[in-house]
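# Close look at the chain arrangement
One letter stands for each residue in the lines below.
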Amino acid sequence: MNQVLVSAPSNIALIKYMGKIEGSGNKPTNGSLSYTLENLRTFVRLTEIEGGKDQWKLLVREDLEKMDLSEKGQQRFLKHLQNLKDKWGVTKNFLVESANNFPSDCGLASSASSFAALTLAAAQMFQKINPQPWGEDKKVLSELSRQGSGSSCRSLFSPWAIWLHEYAEPMNLPVKDMHHIVVVVEDSKKEVSSSEAHKLVTTSPRFEGRVERAEIRLKDLSQALQFDDWHMARQIVWDEFIDMHRLFETSTPSFSYMTDGSKKVLEECQKLWNKWQDGPLVTMDAGANVHMLFRNDQKKSFETYRELFKNEFKVLAFEGVKSDVH
Ligand code: DP6
């Protein structure tokens, strides 16, 4: 039986992909920079089947979470598989089984890790069936993954990925092995998907100048991280997610992911930063949850934040990179 099992990590953008060129297969209007979340992974098992058509099923494994993928979600995933089959010239059919090692009901982005995992699984399988000279080239695979879901193209590189146009590339920065906290403020399904958000933000008067603002921040943040200027990095990362959320709030129709809970968490983060003049990089995606990234030497601070928020919210905390998650 022809079968492969592959996993891929999620990632969190510090400079955001928000706004895309319509009809371009998720080409972004601005470059983005992300940190790869090695502990948050999607597993995909691909099995060749006789006849019929491609199908999706939950991958059942004790260490993986159960999730419900909507009919629309399944169709989008299988459409990506079809796109990959066309690219490799493969006509066989497959059973796609997938699951995350993190809860799917807590509003954590799973499209980045799931589309990256499907791309990698398909590449492994199709290289056996109909090998292509470019079939193991990470840039080609990143570009293909992007066509499924934009942010997934960054999940092929670790720990840092920069995505400017067609594909993402690794970026060499001295900051590694960070600790990660997600304060799960809201665990219900988002009313506006990130794919819809990409369209809506272009109606905001603030979208004018957005590309320039993001580009300047991308340059400045890379420099700050390169030269260990944590204060500068933290400020840029903060300004960037606030900028993105302002775009949401000034779109037509306007929408917002920021809840009272998010605001409370952000205020606490700001208070602690003012007190200690140190703390994590804080960011939010297109959702209410607040992500924090701590340098490896900020273990104590990581524990303090975890304790602080855990009475009121669900808190997911990941210490560095565990070695047993692959
Ligand atoms: C806010 O990659 O989910 O997380 O390309 O339509 O699948 P599609 O969008 P998606 O957008 C992610 C947006 C973001 C910022 C980011 O990850 O850069």
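Keep in mind the model is a prediction, meaning the values are calculated, not measured.

## Considerations on the environment of R45
Tracing the sequence through the fold places R45 in strand β4 (residues 32-49). The spatial distance from the C-alpha of R45 to the C-alpha of L118 is 8.4 Å, given a sequence separation of 73 residues. With sequence-adjacent residues up to four places away left out, R45 is seen in contact with Q3, V4, L5, L59, L95, V96 and E97.

## Some details on the site of the ligand
By nearness alone, 18 residues border the ligand, and Y17, R76, S149, S151 and S195 come closest of all. Here an oxygen atom of the ligand and a side-chain polar atom of R76 are 2.7 Å apart. A distance of 2.8 Å separates an oxygen atom of the ligand from a polar atom in the side chain of R154. With the chains in place, 95% of the 460 Å² that the ligand exposes on its own is no longer accessible. Ranked by the residues each element gives to the shell around the ligand, the list is headed by helix α4 (residues 194-200), at three residues.

## Here we look at the packing of helix α6 (residues 230-249) against helix α7 (residues 260-276)
Angle between the axes and distance between the axes are the two parameters that describe a pair of packed helices. Their axes nearest at 14 Å, the elements α6 and α7 cross at an angle of 160°. With respect to their mutual orientation, α6 and α7 come out roughly antiparallel. The way α6 lies across α7 gives a crossing that is left-handed. For the pair formed by α6 and α7, the contact residues are W230, H231, R234, W238 and F241 on the first element and L266, C269, Q270 and W273 on the second. Looking at the contact of α6 with α7 residue by residue, the class counts come to six nonpolar, two polar and one charged.

About the criteria used
Residues numbered from 1 in each chain as written. Predicted model: local features only at pLDDT ≥ 70, side-chain atom pairs only at ≥ 80, totals over all residues. Heavy atoms only, no water. Helix = DSSP H or I, 4+ residues; strand = E, 2+ residues; numbered from the N terminus. Contact = heavy atoms within 4.5 Å. Near = heavy atom within 4 Å. Polar contact = N/O pair within 3.5 Å; in protein donor to acceptor, adjacent residues only side chain to side chain. Areas by Shrake-Rupley, 256 points an atom, 1.4 Å probe, with all protein chains shown as cover. Axes fitted to C-alpha atoms, helices over the stretch in contact; angles between N-to-C directions. Parallel < 35°, antiparallel > 145°, perpendicular 65-115°, else oblique. Left-handed = near helix turned anticlockwise from the far one by under 90°. Nonpolar A, V, L, I, M, F, W, Y, C, P; charged D, E, K, R; others polar.

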